[in-house]
Amino acid sequence: MGDWFLHLNIEGQLATWLVASCLLYMLGAQLAWQYRHPGRVDRLGRWIDHWRDQPFVAGLGESVRLLYYLGIPLAAAMIGLLRADVFGISGTDQVNGASVQGFLWKDWTRGAGLATAAVLGMAAAWLIGGAASRRAGLDAMNQGGTYSLWRRGLEVLYWQVHWAFYRSGPIFWLDDPYWGVFIGLGIALFEIGLDPAFWWALKSAETAGPALFRVGVAWISALVFLETHNLWLTAAAHAALVALLRPRQVHDVWQD
């Protein structure tokens, strides 16, 4: 690692990791878009076309996603850039018999109630929107994804750890969970906006559902974390929404 990085303070080092994560996401989103839209005649298009049919590409892509979504935050934590309480995996109330993972029982029950209310609110809005779209002859919500239970759980884990990483920086820099959570949400939404698949999906009412679901879950996750500071409950709310609404992936509707 370069000397310039080692001479940065912890805030600067964490900022460097966050910027690098955004840049890698932008690169990966562009490559994924080109991978699913063959036929470009430039050098990049020809290079992607060459590798598309190789038998190891699918497994390689999943390995890269695993390293990106989980490996980067883990590596940042291992070198001391992330705190467990800021990340949300541990609270600060370590009381024998009265707390779990540093969160008091009353915090768990209050947080679970808030998370349930948020999930039911988004689910109700989603289902009402779905009913209205079906009356209009559309399937704008794009429910009924066929990927497996473990795959759904893995996607929840990926996004929750990724978003927690992005809000950890602003919370740490500002020492203010309120503004830190919303700045982290802004980074997450900015990153979603860098994905050409997101804007492609919004062009049609019949493919907008997966894109809108991701934005909605990012908001719900931010609000639940703001009130609970508990990543476990935030991830549980996300998982409940996936289980209730069974949204399709943006990548699924590319191939319809």
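Residues numbered from 1 in each chain as written. Predicted model: local features only at pLDDT ≥ 70, side-chain atom pairs only at ≥ 80, totals over all residues. Heavy atoms only, no water.

Below, the discussion takes up the overall build of the chain. Per the secondary structure count, the chain includes 12 helices and 2 strands. Its helices and strands in sequence order give the chain the pattern α-α-α-α-α-β-β-α-α-α-α-α-α-α, from N to C terminus. When burial is assessed residue by residue, the chain has 43% of its 256 residues classed as buried. Pairs at least 24 apart in sequence give 69% of the contacts found in the chain among residues at least 6 apart. Roughly 13,500 Å² of accessible area belongs to the chain as shown, and the carbon and sulfur atoms make up 67% of that amount. (Helix = DSSP H or I, 4+ residues; strand = E, 2+ residues; numbered from the N terminus. Buried < 20%, exposed > 50% of the residue type's maximum accessible area, 1.4 Å probe, protein only. Contact = heavy atoms within 4.5 Å. Areas by Shrake-Rupley, 256 points an atom, 1.4 Å probe, with all protein chains shown as cover.)

Let's shift gears to the pattern of salt bridges. Under the criterion given, the structure shown has 5 salt bridges. Among the ionic pairs, arginine 110 bridges to glutamate 227, the shortest N-O distance being 3.4 Å. Of this pair, arginine 110 sits in helix H6 (residues 105-135) while glutamate 227 is found in helix H10 (residues 208-228), placing the two residues 117 residues apart along the sequence. When salt bridges that share partners are traced, they join Glu62, Arg65, Arg151 and Glu155 into one network. (Salt bridge = Lys/Arg side-chain N within 4 Å of Asp/Glu carboxyl O.)

Before going further, it helps to spend a moment on the packing of aromatic side chains. Summed over the entire model, instances satisfying the criterion amount to 13 aromatic pairs. Look at tyrosine 69 and tyrosine 158: their rings are 5.1 Å apart centre to centre, the planes differ by 20 degrees, and that puts the pair in the stacked class. Note that tyrosine 69 is positioned in helix H4 (residues 57-78) and tyrosine 158 in helix H7 (residues 149-174), a separation of 89 residues in sequence. The structure contains a cluster of three or more aromatic residues connected by ring pairs, namely Tyr25, Tyr68, Tyr69, Tyr158, Trp159 and Trp163. Residue placement shows arginine 167 over the ring face of phenylalanine 225; its charged tip is 4.1 Å from the ring centre. (Phe/Tyr/Trp six-rings, centres within 6.5 Å; stacked < 30°, edge-to-face > 60°. Lys NZ or Arg CZ within 6 Å of the ring centre and 35° of its normal.)

Glancing now at the side chain of arginine 214. With respect to the helices and strands, the residue arginine 214 is situated in helix H10. As a buried residue without a salt bridge, arginine 214 has its nearest oppositely charged side chain in aspartate 195, at a separation of 4.3 Å. When sequence neighbours within four positions are dropped, the list of residues in contact with arginine 214 reads Tyr25, Trp159, Trp163, Ile192 and Asp195. (Lys, Arg positive; Asp, Glu negative; His and termini not counted.)

When two helices pack together, their arrangement is captured by the angle between the axes and the distance separating the axes. It is the contact of H10 with helix H11 (residues 231-245), at a shortest axis distance of 9 Å, that shows an interaxial angle of 150 degrees. H11 is crossed by H10, and the crossing has right-handed handedness. Seen from H10, the contacting residues are Phe213, Val217, Ile220, Ser221, Val224, Phe225 and Thr228; seen from H11, they are Leu231, Leu233, Thr234, Ala237, His238, Leu241, Val242 and Leu245. Tallied by class, residues from the contact of H10 with H11 come to 11 nonpolar, 4 polar and no charged. (Axes fitted to C-alpha atoms, helices over the stretch in contact; angles between N-to-C directions. Left-handed = near helix turned anticlockwise from the far one by under 90°. Nonpolar A, V, L, I, M, F, W, Y, C, P; charged D, E, K, R; others polar.)

Bringing H11 into the picture now. In a regular helix each residue adds 1.5 Å, so 15 residues correspond to 21 Å; H11 covers 21 Å between its end C-alpha atoms and thus fits that length. Leu231, Leu233, Thr234, Ala237, His238, Leu241, Val242 and Leu245 are the residues of H11 that are buried. Just past H11, the residue arginine 246 takes up positive phi, approximately 45 degrees. (Expected span 1.5 Å × (residues − 1).)

All right, on to H7 then. If you check H7, its first and last C-alpha atoms are 38 Å apart, about what 26 residues at 1.5 Å a residue would give, namely 38 Å. The buried fraction of H7 is high, at 19 of 26 residues.

A word on the confidence of the model for the chain. Put simply, the chain has an average pLDDT of 82, and 77% of its residues get 70 or more. Within the chain, helix H8 (residues 177-193) carries the highest mean pLDDT (94), whereas helix H12 (residues 250-254) carries the lowest (46). Taken together, the stretch residues 140-144 has pLDDT below 50 and engages in 27 contacts with residues farther than four places along the chain or on a different chain. The low-confidence segment residues 252-256 (pLDDT under 50) makes 13 contacts with residues lying over four places distant or belonging to another chain. (pLDDT = per-residue confidence, 0-100.)

Turning our eyes to something else, we now look at unusual backbone geometry. Positive phi values are uncommon outside glycine, yet glutamine 101 reaches one of about 55 degrees. The residue glutamine 101 is located in the loop between strand S1 (99-100) and strand S2 (103-104) in this model. In this structure glutamine 101 comes out as partly exposed when scored by relative accessible area, which is 41%. Here aspartate 175, not a glycine, exhibits a phi torsion of approximately 50 degrees, which is positive. With respect to the element layout, aspartate 175 can be found in the loop between H7 and H8. Judged by relative accessible area, aspartate 175 falls into the exposed class, the value being 70%.

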